[in-house]
Structures are given as C-alpha cells and as structure tokens.
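Residue-level structural notes
So you can see what is in the structure, the chains are spelled out below.
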Amino acid sequence: MERFDAIVVGAGPAGSTAAFRLSRAGARVLLLDRERFPRDKPCGGGLTYRAVRQLPFSVEPVVEDTVHRCTLGFRYARSFERRTEGPLILMTQRRRLDAYLAEQAAAAGADFRDGVRATALEADEDGVTVRFGGSAATAPVAIGADGVNGLTVRALGLTGRRAHGVALEGNVAHVHAREDYRGRVLVELGAVPGGYAWIFPKGDHVNVGVGGWESEGPHLREHLERACHAYGLPTERLESVRGYRLPMRRPGDRARSGRALLAGDAAGLVDPLSGDGMYEAFVSARVAVESVLAGDLDAYEPALERELGRSFAASWKAKHALERAPRLIFGVARLPLVWGFVSGVLRGDFAHPGEARGLVRAPLRIVETLGR
C-alpha cells in the first residue's frame, strides 16, 4: 500500500489548490480525479475578483474575458447597467481552468493521477485509506473535494441538512448573438423561482443559463428557452447543454469526520444567493491546508465558520427576501450605494453586509428584515 502525507480526492478548484498548497509546504500529496483531464464541467465559469485574490498564483493564462459591466434585469421587462473601473469577474471555462489548476499542483510536487476513480474511503482517528483501481493508498489526512455527487461526502456520512439548487446552461457562439456581450455579465432576477437567468461572455461564445430551487428541475428547459428568446440567442444554436445540482449547506452541517475534511462543493459550499462556489472552494482549500499543516484538524470547522458563516447567513436572507418581494429587492439593487457595496463584495473589499458603513446600511437592513 502506498503512503502519503495527504490524499486529495477530486482535482477541481478546491482539490487542486489544496494539493498545491500542501505540496509547496513540503508534503507528499496524492491527488486523484476520476476523469481524464482536460475535462469539461457544468459551471458558468466566472471567477469573481475576490475568488482570484484567494489564489496563490495567477490564472491569467486561462482568462477569456474580463467583466467591467453588469446588467441587472427584472423578468425580462426592465433593466439597468452598472460599470466599474477595475475588473469584477474574470471569465474562463472549467475545462481550461481545472486543467491549469491541476498542472500547478503537479508542478508543485503533487502526484496527480487523472482517470482514477476512488471507490472507497475509510477514515478513523489514526488516518485515512483510499481505495482505487485495484490499489490503495493511506495517509494521516485526506481532503474530499470531489463535488456534490462524489464519494467522500457519502462515505463519511456528512450530507447533513443541505438544500440543493439546480441549473441548466448552454453555449451560443458570439456570431449568433443579437448583441455584443463581451466585457459584461447579464443577470435576470425574477426569471426563475429561487434563482435567476444569466449570460456570461467567453472567448468565442456566451454561456447562457438558468438556475433555481431543486423543484424547478422539470421546468429548466422552458426557463432556458425563454431566456434565449429574451436575449436574442437562437435556441437551435445552443451547444453543450447540461444540468447540475448546487449544494447549499445549512448552519451546523459538518465538514469533517475523523482525519478527513471536506472542501468546496463536497462540503456544500455554494453561495445560496449567487450559486457561485469558486470563492468558497478556494477559501475552504486554504483553511483546510492551514489546519493540516498546523496539525490541528479540530480547527477546520470553526475556521470555516469564521471565514464563510456570516456571508452564508446574509446570502440566505437575501435569497428569501428576493423570493418574498422581488420588485422591492430589484429597486434596492438599483440604488448606486447598493451597487457600490455589491461591487465591493465581488472585489473582496467586503466579506458580508456587517462590514458595510454609512448610508448603505439602511437599504441592506431592508433586505435583512425581509429575509428573516
């Protein structure tokens, strides 16, 4: 049986950045993923600037567009646009991003094995054993980062009380779009119960999608066609249409069992309001590695709560407020003060509404009250 200092299951954003950080610190790391890389994965592919600030290296080689403008619409009837001087979101594709992150981990010294499916994970107070492809490896600690449907969360019995969202997306080449979406994102509130519709620009195409409560699953195709019609995107030109689940943790959900930690989507770390999980993946990877290197796995869950707890609580409230009073929330979002705060969150200048100062606190309190 092979022995390592740490085993990371899943080479997505959380897994590869955790493997990179551990390897750079001198640990002998095994990084496994069941898919052959490069591989595509359903995702809008947006990296907010606050997410990028969590990374220990640049992602410039895989950036396809840089967003400085945001159009916010309401039920395809009204909209407004806001701009920023600096970049808000970097656009990429998961096929390129994940391969690049795994390459960085391997270059740092991780033993990266793609196309290798982990079939069992056994964890106790002494260590972790992972079985794969007729072989096995053991380590004092493992990080499960193999997503919402992965092995680790089921093997550890840590599904908790998670809520789930669902999304459906596809791609349309720029040449078939009615207007030029380069350099801006479009988010349509009130279009899907529990979520929104979107357009994200990429190098040679736009990514168009819809997401909402899990109960909206049977209606997503209809929602997506409506969005395409409203945005001037021919549905017959849609390519790579795929759906996926979005795990959203509840307070008290566990992210550790024995010597195994969960990170990213495997830990349910998708923002309830935005549906984004990139920032949370990078944060959880960093916090997990800090706990491992300090030899204090007990510190992981409290640290995760300190880093993400208040932002998750605020996102749940905003999500419920949007459900209860969508027109009012759209009106609040139009206020220049509120856009200044939202753009600050996207840049990483603020972590949650509790850090807001000045007059913007009044409209934010309206959202909080409606969402309780």
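Before going into details, it helps to say that this report is about the structure given with it.

Turning to the sheet that holds strand S5 (residues 65-67), a few remarks are in order. Spatial strand order, S4-S8-S5: three strands in an open sheet with antiparallel pairing. Either end of the sheet is taken by a strand with one partner, and the two such strands are strand S4 (46-48) and S5. Pairwise comparison of adjacent strand axes, ignoring direction, gives a mean angle of 25° for this sheet. Relative to strand S8 (residues 89-91), S5 runs antiparallel, the two being bridged by three bridges.

Attention now moves to the sheet that holds strand S19 (residues 256-257). With mixed pairing, the six strands of this open sheet are ordered in space as S9-S3-S2-S13-S20-S19. Two strands in the sheet have a free side with no partner beyond their single neighbour: strand S9 (111-114) and S19.

Here we come to the packing of helix H7 (residues 300-324) against helix H10 (residues 361-371). As a packed pair, H7 and H10 sit with axes 7 Å apart at the nearest point and diverge in direction by 80°. Taken as axis vectors, H7 and H10 run roughly perpendicular relative to one another. Here H7 contributes Lys317, Ala318, His320, Ala321 and Arg324 to the contact with H10, which in turn contributes Val367, Glu368, Leu370 and Gly371. Grouping the amino acids of the contact of H7 with H10 by side-chain chemistry returns four nonpolar, two polar and three charged.

Examined against the element boundaries, Glu81 turns out to sit in strand S7 (residues 78-83). Glu81 sits in the partly exposed class, given a relative accessible area of 30%. Along the chain, Glu81 and Asp146 lie 65 residues apart, while their C-alpha atoms are 37 Å from each other. If we skip the residues at most four places from it in the chain, Glu81 touches Arg69, Cys70, Thr71 and Arg184. In this structure the side chain of Glu81 is engaged in a polar contact, spanning 3.4 Å, whose partner is the side chain of Thr71. A polar contact of 3.3 Å, which involves the side chain of Glu81, links it to the side chain of Arg83.

Moving on: unusual backbone geometry. For the bond running from Phe37 to Pro38, omega is 0°, close enough to zero to count as cis. Here Pro38 is to be found in the loop between strand S3 (29-33) and S4. Phi at Arg75 takes a positive value of approximately 50°, unusual for a residue other than glycine. With respect to the helices and strands, the residue Arg75 is situated in the loop between strand S6 (69-74) and S7. Backbone geometry at Ser240 places phi at a positive 55°, although glycine is not the residue there. Looking at the secondary structure, you find Ser240 in strand S18 (residues 239-248). Among the residues examined, Ser240 registers a relative accessible area of 44% and is labelled partly exposed.

Scoring rules and cut-offs
- Residues numbered from 1 in each chain as written.
- Predicted model: local features only at pLDDT ≥ 70, side-chain atom pairs only at ≥ 80, totals over all residues.
- Heavy atoms only, no water.
- Pairing = 2+ DSSP bridges.
- Helix = DSSP H or I, 4+ residues; strand = E, 2+ residues; numbered from the N terminus.
- Axes fitted to C-alpha atoms, helices over the stretch in contact; angles between N-to-C directions.
- Parallel < 35°, antiparallel > 145°, perpendicular 65-115°, else oblique.
- Contact = heavy atoms within 4.5 Å.
- Nonpolar A, V, L, I, M, F, W, Y, C, P; charged D, E, K, R; others polar.
- Buried < 20%, exposed > 50% of the residue type's maximum accessible area, 1.4 Å probe, protein only.
- Polar contact = N/O pair within 3.5 Å; in protein donor to acceptor, adjacent residues only side chain to side chain.

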